[in-house]
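Report on the structure
Now for the letters of each chain:
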Amino acid sequence: MWLNIHGHNVPELNQAITDQLGQVAHSTLLGMANIPAIELAEKLTTIAPKGLNKVFYSDSGATGVEIAIKMAFQYWHNQGIRDKRTFITMNQAYHGDTIGAVSVGAIPLYHEVFRPMLFPSHVIPYPYAYRHGGDEKAMEATLTALCHLLENRASEIAALIVEPIVQGASGIIVMPSGCLREMADLCRKHDVLFIADEVATGFGRTGAMFACDLEDVCPDLMVIGKGLTGGYSPVAATLATDDVYSAFYADYEEQKTFFHGHSFTGNPLGCAVALANLKLFEDRNLIAGVKTKASFVEHKLNAINDRPHVGEIRQKGLMIGIELVREKVTRQPYDWAERIGVRASLRARELGMLTRPLGNVMVFIPPLASTESELAAMTDILTESIISVTEGG
Ligand SMILES: Cc1ncc(COP(=O)(O)O)c(C=O)c1O
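Quick caveat, the model's predicted, so the values are computed rather than measured.

Our focus in this paragraph is the site of the ligand. In the vicinity of the ligand, the residues found are Ser 60, Gly 61, Ala 62, Tyr 94, His 95, Gly 96, Glu 163, Asp 197, Val 199, Ala 200 and Lys 226. Between Gly 61 and the ligand, the recorded distance is 2.8 Å, taken from a backbone N or O atom to an oxygen atom. A distance of 3.0 Å separates an oxygen atom of the ligand from a polar side-chain atom of Lys 226. In isolation the ligand has 390 Å² of accessible area, and contact with the protein removes 81% of it. In the shell around the ligand, the residues fall into four nonpolar, four polar and three charged.

Rendered as structure tokens:
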């Protein structure tokens with residue numbers, strides 16, 4: 001599920017877990033600490049966007065998002081500001097499947113049934129250029145809506161949460177360039193916290209360590225998971241700035257503590273493998289490799305750009321979505337009942353590759369360490385499955 005970095009059965013990652021097993025498999029982080037968790041926190045603060053100097057562990061992307069939301073809420077509360085309690089999210093956003101994460105989610109298919117259980121969030125348009133009149137028009141709609149909301153309601157809004165640069169679960173939709181930067185600037189200007197959910201985009205996936213790095217954005221809170229352990233172990237984290245941290249730092253009697261923890265928070269086995277994962281990133285110069293591989297994949301996929309049912313090929317780094325359409329010129333979507341994405345994915349499986357569609361979008365998110373020949377084989381399967389299902393060949 002989009003989290004594998006170095007492939008399976010990687011000796012260095014296996015060794016890190018084995019070594020840690022010889023020490024201690026788990027000890028709580030509630031009121032205590034452990035060495036791998038400390039070392040990993042230190043490492044994360046050196047690679048994260050500037051200002052994110054504090055790390056709060058959890059065990060999945062969704063719990064990391066819950067923590068970010070609760071932190072943002074209590075950040076204002078602890079300063080005596082009680083009105084800033086709602087959140088801004090983006091249309092078709094996905095932040096995980098727990099109740100807080102679903103409350104800032106906006107994919108009706110997944111989320112609508114739970115609406116009566118959720119807290120309400122403000123939803124602004126996501127700049128989906130292919131369906132919203134091109135980059136410029138789509139971006140303008142997003143920024144105008146955000147501006148309007150902030151100018152009128154910032155005093156009630158705790159934070160905005162966004163999947164930076166690429167919205168994943170909605171269909172791998174890439175933001176027009178500059179949009180994330182402008183959104184972050186607007187939030188700063190109006191005193192609203194900016195939460196970057198890098199669960200899918202983090203750890204090299206988009207061609208930078210974090211998608212925020214692509215536009216020099218420094219969020220107040222950032223959520224990471226998936227690739228953090230190379231896909232080996234359920235570890236996630238919510239990173240915060242000193243400013244956010246300071247709002248919770250007070251004498252015991254003041255009760256500003258962030259009361260949130262999970263049994264497996266900061267699991268030493270997971271933190272040890274995360275450290276080994278990050279070392280492999282450096283030893284293998286993986287991020288630079290992603291850029292080269294991304295160009296290779298782009299070139300390979302160009303071959304199907306003109307096919308009659310390939311609507312749009314979207315790509316950022318090694319995060320790729322191919323939107324299939326019934327009619328190329330009018331961009332008419334396939335009907336859901338045709339299950340075009342499912343059928344193309346089943347065909348890919350027959351040909352030897354596992355992938356999972358998002359509606360009519362074929363998803364291709366290979367391990368970052370894939371070699372060029374592996375990428376060539378995978379893109380061949382991807383294109384063949386698309387052509388055979390959409391053109392009946
Ligand atoms: C952007 C984003 N946030 C959060 C999550 C939830 O992560 P998890 O499945 O680890 O709870 C996902 C999962 O796909 C995601 O893509």
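This part takes up the pairing of strand β10 (residues 310-316). Here β10 runs beside strand β11 (residues 319-327); their pairing, made up of six bridges, is antiparallel. Bridge pairing in β11 links Arg 314 to Gly 321. Hairpin remark: β10 followed by β11, antiparallel, with two residues in the connecting loop; positive phi at Gly 317, about 60 degrees.

What follows covers the packing of helix α6 (residues 135-153) against helix α7 (residues 179-189). Interhelical geometry of α6 versus α7 gives an angle of 5 degrees and a closest axis separation of 10 Å. Here α7 runs roughly parallel to α6, going by the angle between their axes. Counting all contacts with α6, which are made through Met 139, Thr 142, Leu 143, Leu 146, Cys 147 and Leu 150, the residues of α7 involved are Cys 179, Glu 182, Met 183, Leu 186 and Cys 187. Classifying every residue of the contact of α6 with α7 by side-chain character gives nine nonpolar, one polar and one charged.

As a further point, take the packing of aromatic side chains. Using the criterion set out here, one finds seven aromatic pairs in the structure. The interplanar angle of 80 degrees and the centroid separation of 5.3 Å between the aromatic rings of Phe 56 and Phe 258 together place this pair among those described as edge-to-face. In this pair, Phe 56 sits in strand β1 (residues 52-58) while Phe 258 sits in the loop between α8 (242-246) and α9 (268-283), placing the two residues 202 residues apart along the sequence. An angle of 25 degrees between the planes, with centres 5.8 Å apart, marks the rings of Tyr 245 and Tyr 249 as stacked. Classification of Tyr 249 by relative accessible area gives exposed; the value is 63%. Members of the aromatic cluster, each reached through a chain of ring pairs, are Phe 56, Phe 248 and Phe 258. Above the ring of Trp 76, the side-chain terminus of Lys 84 is found at 4.5 Å from the ring centroid.

Across the sheet, which stays open at both edges, the seven strands sit in the order β1-β9-β8-β7-β4-β2-β3 with mixed pairing between neighbours. The open sheet is flanked by β1 and β3 (122-124), the only strands paired with a single partner. When the angles between neighbouring strand axes are averaged without regard to direction, this sheet yields 20 degrees. Alignment of β1 against strand β9 (residues 236-241), held across six bridges, turns out to be antiparallel. Across the sheet, Val 55 pairs through a bridge with Leu 239, a residue of β9. Helix α2 (residues 35-47) rests against β1, β8 (221-224) and β9 of the sheet, and its axis sits at about 135 degrees to β1.

Our next topic: the domain arrangement of the protein. If you check the domain split of the protein, you get domain 1 (11-283) and domain 2 (286-391). Here domain 1 and domain 2 have C-alpha centroids that lie 28 Å from each other. Taken residue by residue, the interface counts 24 residues in domain 1 and 26 residues in domain 2. In total, domain 1 and domain 2 occlude about 2,000 Å² of area from one another, counting both sides; carbon and sulfur atoms represent 64% of this. Sorting the residues of domain 1 by area buried against domain 2 places Tyr 130, Ile 172 and Arg 205 first, and these three jointly supply 41% of that buried surface. Taken together, domain 1 and domain 2 are joined by one salt bridge. The salt bridge partner of Arg 131 is Glu 323, with a shortest N-O separation of 2.8 Å. Counting the contacts that link domain 1 with domain 2 gives nine residue pairs in polar contact (both at pLDDT 80 or more). Mapped onto the side of domain 1 that touches domain 2, the elements with two or more residues apiece are α5 (108-111) and β6 (173-174). Of the residues contributing to the side of domain 1 that touches domain 2, the split by class is 16 nonpolar, six polar and two charged.

Time to look at the environment of Tyr 232. By the secondary structure assignment, Tyr 232 is in the loop between β8 and β9. Looking at Tyr 232, the relative accessible area reads 26%, which means it is partly exposed. Sequence-distant contacts of Tyr 232, that is, excluding residues within four places in its chain, are made with Gly 7, His 8, Asn 9, Val 10, Leu 13, Asn 14, Ile 17 and Val 273. Polar side-chain contacts of Tyr 232 include one of 2.7 Å to the side chain of Asn 14.

Okay, the packing of helix α10 (residues 286-301) against helix α12 (residues 372-391) next. Remark: α10 packs on α12, axes separated minimally by 10 Å, with the N-to-C direction vectors making an angle of 30 degrees. Viewed along their axes, α10 and α12 adopt a mutual orientation that is roughly parallel. Relative to α12, α10 is oriented so that their crossing is right-handed. Within the contact between the two elements, α10 uses Lys 293, Phe 296, Val 297, Lys 300 and Leu 301 and α12 uses Glu 372, Leu 375, Ala 376, Thr 379, Asp 380, Leu 382 and Thr 383. The residue inventory of the contact of α10 with α12, partitioned by class, reads six nonpolar, two polar and four charged.

Cut-offs used in this document
- Residues numbered from 1 in each chain as written.
- Predicted model: local features only at pLDDT ≥ 70, side-chain atom pairs only at ≥ 80, totals over all residues.
- Heavy atoms only, no water.
- Near = heavy atom within 4 Å.
- Polar contact = N/O pair within 3.5 Å; in protein donor to acceptor, adjacent residues only side chain to side chain.
- Areas by Shrake-Rupley, 256 points an atom, 1.4 Å probe, with all protein chains shown as cover.
- Nonpolar A, V, L, I, M, F, W, Y, C, P; charged D, E, K, R; others polar.
- Pairing = 2+ DSSP bridges.
- Helix = DSSP H or I, 4+ residues; strand = E, 2+ residues; numbered from the N terminus.
- Axes fitted to C-alpha atoms, helices over the stretch in contact; angles between N-to-C directions.
- Parallel < 35°, antiparallel > 145°, perpendicular 65-115°, else oblique.
- Contact = heavy atoms within 4.5 Å.
- Phe/Tyr/Trp six-rings, centres within 6.5 Å; stacked < 30°, edge-to-face > 60°.
- Buried < 20%, exposed > 50% of the residue type's maximum accessible area, 1.4 Å probe, protein only.
- Lys NZ or Arg CZ within 6 Å of the ring centre and 35° of its normal.
- Domains from an automatic or database assignment.
- Buried area = accessible area lost by both parts, 1.4 Å probe.
- Salt bridge = Lys/Arg side-chain N within 4 Å of Asp/Glu carboxyl O.
- Left-handed = near helix turned anticlockwise from the far one by under 90°.

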